[in-house]
Amino acid sequence: MIPETSITFAGSFLDRADALRTDIPKLDEHIANPTSKTLPFWQGKPLFDLTPDGPRLAWLPVTDDLITGAEIAPALLGLDKDGVAHFAADVSYIAPPDEKPAEFVDKRTLDLTETRKFVDLRAVMGEVTHEDAGVAASAKGLFEWRNTHMFCANCGAPNTVAPGGWRMDCTNEACKRAHFPRTDPVVIMLILSSDNVLLGRQSFWPERMYSLLAGFMEPGETIEAAVRRETMEEAGVPVSDVRYVVSQPWPFPASLMMGCSGKAESMDIHLDKNELEDAIWVSKDEMREALAGRNDRIAPARKGAVAQIILQSWVDGIVPGF
Ligand SMILES: [Zn+2]
């Protein structure tokens with residue numbers, strides 16, 4: 001069993017307090033309260049303080065000019081154990097932080113320093129704390145969804161963000177459809193044949209990088225069926241037994257990675273070159289060396305990604321074989 005605390009982007013130190021999202025008078029009180037905290041996002045990047053201990057989320061008071069200047073009210077992420085409300089706000093309206101403001105953009109900007117910057121969450125996912133990662137992933141996924149669902153999928157009219165930030169409402173009176181954030185399930189699988197694991201690579205990946213096979217689930221499919229189908233489609237390997245292992249939110253832009261293990265019925269690989277550039281069987285000993293960065297054939301998986309966590313757990317004996 002892999003502990004949830006070892007999964008990057010899983011968990012949060014906040015109570016999501018979903019009832020508060022629709023309790024407008026109480027929500028407004030929190031939005032007017034200068035002790036409420038807000039995490040600004042610019043172009044999908046959260047604000048970080050780059051401390052000697054690593055990047056830490058930089059929270060601003062909800063009453064900060066930067067937050068109140070945004071067109072859309074901040075989204076409620078939840079309450080901490082002291083009842084302090086935590087929000088996230090999309091402040092992409094400000095001038096690019098690294099550039100001199102042009103005439104046509106809002107000149108308000110943040111007093112960014114060498115140690116306070118908007119940083120791509122994926123670039124620092126191996127260095128942030130478990131708690132920060134979970135909260136940032138939630139907000140990142142929410143904003144990714146909002147930014148790509150500006151129009152009603154039912155009638156095409158513009159959507160507006162509902163108070164609390166977790167719903168989009170169609171502005172067409174004849175429609176008024178409410179829209180909620182979507183999550184796209186992806187299966188990622190540890191396919192084993194005794195002490196060997198099946199790895200694949202795509203042509204655009206960095207040289208020597210191999211990882212677990214993965215793919216999006218389709219409507220009407222179970223997790224088990226998706227694991228069998230994707231493994232057959234990509235590598236031509238039949239799988240007889242599928243077990244759930246662990247999951248990871250992956251808000252780039254909206255995936256939920258569902259890690260599974262599966263028993264290969266054959267080691268013959270029939271590669272679909274449209275899906276993968278290569279697929280190989282790797283022994284547990286070689287995988288252990290690769291994860292430690294001591295293998296010439298395979299580059300270590302990216303720290304913090306669920307593939308790396310599952311593979312490391314397998315070589316450490318935490319995830320059993322078949
Ligand atoms: Zn509509």
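Just above, that's the structure.
**Focus: the nonpolar core**
Moving on, step 1. Counting residues in each nonpolar core, the largest one holds 73 residues, and the members touching the most others are A139, I188, L190, I191 and I310.
Moving on, step 2. Both domains that meet at this core, namely domain 1 (4-142) and domain 3 (184-315), each give it at least three residues.
Moving on, step 3. Here I310 is in contact with L190, L212, V245, V246, G259 and V319, once residues within four sequence places are set aside.

**Quick notes on the packing of helix α6 (residues 284-291) against helix α7 (residues 306-315)**
Moving on, step 1. Running from amino to carboxyl end, α6 crosses α7 at an angle of 130°, the nearest separation of the two axes being 10 Å. Considering the angle they form, α6 stands oblique to α7. Crossing of α6 over α7 shows left-handed handedness. The segment α6 lies against α7, with K284, M287, R288 and L291 engaging L311, Q312 and V315.
Moving on, step 2. By residue class, the composition of the contact of α6 with α7 is four nonpolar, one polar and two charged.

**A word on the pairing of strand β12 (residues 196-201)**
Moving on, step 1. With two bridges connecting them, strand β11 (residues 184-193) and β12 associate as antiparallel partners. Bridging from a neighbouring strand, L192 pairs with V197 of β12.
Moving on, step 2. Count of turn residues in the β11/β12 antiparallel hairpin: two residues, of which S194 carries a positive phi of about 45°.
Moving on, step 3. Where β12 meets strand β16 (residues 278-283), six bridges bridge the pair, whose relative direction is antiparallel. Bridge pairing in β16 links N196 to S283.

Thresholds applied
- Residues numbered from 1 in each chain as written.
- Predicted model: local features only at pLDDT ≥ 70, side-chain atom pairs only at ≥ 80, totals over all residues.
- Core = buried A, V, L, I, M, F, W, Y, C linked by C-beta atoms within 7 Å.
- Buried ≥ 20, exposed ≤ 12 C-beta atoms within 10 Å, placed from the backbone.
- Domains from an automatic or database assignment.
- Contact = placed C-beta atoms within 7 Å.
- Axes fitted to C-alpha atoms, helices over the stretch in contact; angles between N-to-C directions.
- Helix = DSSP H or I, 4+ residues; strand = E, 2+ residues; numbered from the N terminus.
- Parallel < 35°, antiparallel > 145°, perpendicular 65-115°, else oblique.
- Left-handed = near helix turned anticlockwise from the far one by under 90°.
- Nonpolar A, V, L, I, M, F, W, Y, C, P; charged D, E, K, R; others polar.
- Pairing = 2+ DSSP bridges.

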